[in-house]
Amino acid sequence: MWKFIKRHKLLCILLCILAVILYMVIGAIVPFVHYKKVSDKTKNEIDIVNEVYNRETAVDRAKLLESNLSAWEDRVRLFHVAKERIILSTFDMREGNSTTDLASILLKKADEGVKVSILVDGMNGQYRMRKNNFFFAISSHPNIEIRFYNPINLLTPWTSQGRMHDKYIIVDDYAYILGGRNTFDYFIGDYPTRGKSYDREVLIYNTKHGTENKESSLYQLETYFENIWNSKYCETFSNDESLRKNEKVKEQIKRLEDHYKQLENEKPDYFTTYDYEKDTVETDSVSLISGDTGIYGKEPKVLYQLEQLMLQAKDRVIIHTPYAVCNDYMYSVLKNVASEVPSVTMMVNSIENGDNFVASSDYRINKGKLLKTDISLYEYDGGTSYHGKSIVIDDNISIVGSFNYDLRSVYMDTELMVAINSKKLTKLLSEYMGKMEKDCRKVINSTEYEVPEHLKIEKMETKKDMAMRIFGRVAQPFRYLI
């Protein structure tokens, strides 16, 4: 044996490398080959229809954050009013202009005694935040803690696919923001970047903040956060206060402190009391829609709840999702809803307009299956990739959150949506969605469209077109990972 190894060192090394690669690849994909079904237990426990259609006036009021600038504005306003605690949960957090703005305020609030908890998906956190003094400047503060959800461990590849896709902010018992935006310039603020993405969030204001009243949906979200934050899947990024003595970290702290003063001087209107009672609309109910929070394959609980709500529609259902990657169950949900509701439409990015190469490659191949569900399918070609995840049901139900109509959101990632029973909010959301749909072409079949006269479709580069066609076919056996 040893003689063979000595004679064939290169071959043995290559075989070892191959064995390691197979171990990692097989370990990462095998646990998710089988799709879980909605259990009878889940069906008996969940009563989302009753929660949402409870038509008593809620203590919560709502506001849509439709632009990246509005997302920045209301984050700054809410952080400013914090007195006890700020929670920031995000799939991806990167250093940049908007993050510097927000981090400078968080550091200031921490100096004032506010407890700040930041939860970031482990894969993105490890890649973007490890060994970055900007984030050490934040985490080394005694009142700030950053934790990663399910950091990647190469020795246990079967744990690698469980990602935390939730995005929300909670400030005291005052208000929260929930939607699809990640925490960097691509999604927040109006700073110049190489690219931007349209997205959507909703701000929920608790009119009973500061009282003993616990009816607000904010407490649902707080409980959800605590369950993940304290779970075995989360680990602290760094809470080493001695890093504050490190010269490079001290430079970052000083930079953030100076930046806060500059921001407060240049944008004083955002650092005053803001009337959220006036800037929000009333609701009849606000309910959180969530699924399992573990790192392995999940029951499709979020989609099941969305289906139950869509089946209540009398006239229409409008679905906006960046991309659609479906299995038979997901197609059956759409077909079931389309058979019961007079008008069901779905808007996705066109393959030319979207920024997700993998999802677009799959959509291109399976578009025909979507059309067989009898929904009306539209492709957005507005020139900027669309990242919003929203549903409108009739004239009174608005649903906003992080859930994409794809296999990862249904079976693998943690996801949150918030369902709001409010005619005023739904009217506003319908108008925003309608504006997006003006820049859409209607899909007739896999190759034909109805194209508005004003819409110019950018031709895809030949190299990208060929790469997408090839990748889409090759990836079909592994599409459950998309």
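All figures in this text were calculated on a predicted structure; none of them were measured in a lab.

A.B. asks: Explain the nonpolar core to me, using residue names and the numbers behind them.
C.D. replies: Nonpolar side chains tend to gather and get buried jointly when the protein is soluble and globular. Counting 53 residues, the largest nonpolar core has M310, V317, M346, L370, I393, I399 and Y405 as the members making the most contacts within it. If one sorts the elements of this core by residue count, helix α12 (residues 328-340) sits on top with 6 residues. Ignoring any residue separated from it by four or fewer positions in sequence, one finds Y405 in contact with L303, T321, Y323, A324, V325, C326, M330, V333, L334 and M346. Core analysis: the next-biggest nonpolar cluster, separate from the first, contains 49 residues, L107, V114, V120 and F237 among them.

A.B. asks: Account for the sheet that holds strand β5 (residues 168-171), with residues named and values stated.
C.D. replies: Pairing in this open sheet of 9 strands is mixed, and the strands run β8-β4-β3-β2-β5-β6-β7-β1-β9 from one edge to the other. Pairing within the sheet leaves two strands with one partner each, and these edge strands are β8 (234-236) and β9 (281-282). Bridge count for strand β6 (residues 175-179) against strand β7 (residues 201-206) is 5 bridges, and the pairing is antiparallel. Along β7, the bridge assignment pairs Y176 with I204.

A.B. asks: How would you explain the sheet that holds strand β15 (residues 397-401) if you had to name every residue and give the values?
C.D. replies: Read across the open sheet, the 9 strands follow the order β10-β16-β15-β14-β11-β12-β13-β17-β18; overall the sheet is mixed. Where the open sheet ends on each side, the last strands, each with one partner, are β10 (285-290) and β18 (449-450). Sitting on the sheet, helix α9 (residues 218-229) touches β10 and β16 (416-421), and the angle it makes with β10 is about 20°.

A.B. asks: I'd like a rundown of the packing of helix α13 (residues 357-371) against helix α16 (residues 462-474), residues and numbers included.
C.D. replies: One can describe the packing of α13 onto α16 by two numbers: an axis separation of 8 Å at closest approach and a directional angle of 75°. Of the possible angle classes, the one that applies to α13 and α16 is roughly perpendicular. Seen from α13, the contacting residues are F357, V358, S360, S361, R364 and I365; seen from α16, they are K464, D465, A467, M468, R469, F471, G472 and R473.

A.B. asks: Break down the side chain of S117 for me, with residues and values.
C.D. replies: Of note, S117 is situated in strand β3 (residues 115-121). Owing to a relative accessible area of 8%, S117 belongs among the buried residues under this scheme. Apart from the residues within four sequence positions on either side, S117 is in contact with R85, I86, I87, L88, E145, F225 and W229.

A.B. asks: So what's going on with the state of the cysteines? Residues and values would help.
C.D. replies: Going through the model one piece at a time under the given rule, you end up with 0 disulfides. Cysteine C440 shares no disulfide, and the gap to the nearest cysteine sulfur, in C326, comes to 17 Å.

A.B. asks: So, the environment of I444: which residues are in play, and what are the values?
C.D. replies: Relative to the assigned elements, I444 resides in the loop between β17 (440-443) and β18. Since its relative accessible area comes to 40%, I444 is described here as partly exposed. Sequence separation of I444 and K424 is 20 residues, and the distance between their C-alpha atoms is 33 Å. Not counting the four nearest positions on each side in its chain, I444 is found in contact with L371, Y449 and E450.

A.B. asks: For the pairing of strand β1 (residues 60-65), give the residues involved together with the corresponding values.
C.D. replies: For a regular strand, side chains alternate in direction, first toward one face of the sheet and then toward the other. Burial runs high along β1: 6 of the 6 residues are buried. With burial as the criterion, each face of β1 is covered, one bearing D60, A62 and L64 and the other bearing R61, K63 and L65. Two elements, β1 and β7, share 6 bridges in a ladder whose sense is antiparallel. Looking across to β7, one finds that L65 is bridged to E201. In terms of strand pairing, β1 meets β9 through 2 bridges, oriented antiparallel. When the bridges of β9 are listed, R61 appears paired with E282.

A.B. asks: Let's hear about α16: which residues, and what values?
C.D. replies: Here α16 contains 13 residues, and its C-alpha end-to-end distance of 18 Å stays within 8% of the 18 Å for a straight helix at 1.5 Å per residue. Where α16 is concerned, the buried positions are D465, M468 and G472. Projected down its long axis, α16 shows its buried positions confined to an angular sector of 65°, all on one face. Facing away from the buried side of α16, by more than 90 degrees, are the exposed residues T462, K463, I470, R473 and V474. At its buried positions, α16 is contacted by α13.

A.B. asks: A description of the packing of helix α6 (residues 97-111) against helix α10 (residues 247-266) should follow, citing residues and the corresponding values.
C.D. replies: What describes two packed helices is the angle between their axes and the distance between those same axes. Contact geometry of α6 with α10 gives a least axis separation of 8 Å together with a crossing angle of 95°. Taken together, α6 and α10 sit at an angle that is classed as roughly perpendicular. Of the residues in α10, those in contact with T100, D101, A103, S104, I105, L107, K108 and D111 of α6 are I253, R255, L256, E257, H259, Y260 and L263.

How each quantity is defined
Residues numbered from 1 in each chain as written. Predicted model: local features only at pLDDT ≥ 70, side-chain atom pairs only at ≥ 80, totals over all residues. Heavy atoms only, no water. Core = buried A, V, L, I, M, F, W, Y, C linked by side-chain atoms within 4.5 Å. Buried < 20%, exposed > 50% of the residue type's maximum accessible area, 1.4 Å probe, protein only. Helix = DSSP H or I, 4+ residues; strand = E, 2+ residues; numbered from the N terminus. Contact = heavy atoms within 4.5 Å. Pairing = 2+ DSSP bridges. Axes fitted to C-alpha atoms, helices over the stretch in contact; angles between N-to-C directions. Parallel < 35°, antiparallel > 145°, perpendicular 65-115°, else oblique. Disulfide = S-S within 2.5 Å. Expected span 1.5 Å × (residues − 1). Arc of directions from axis to C-beta.

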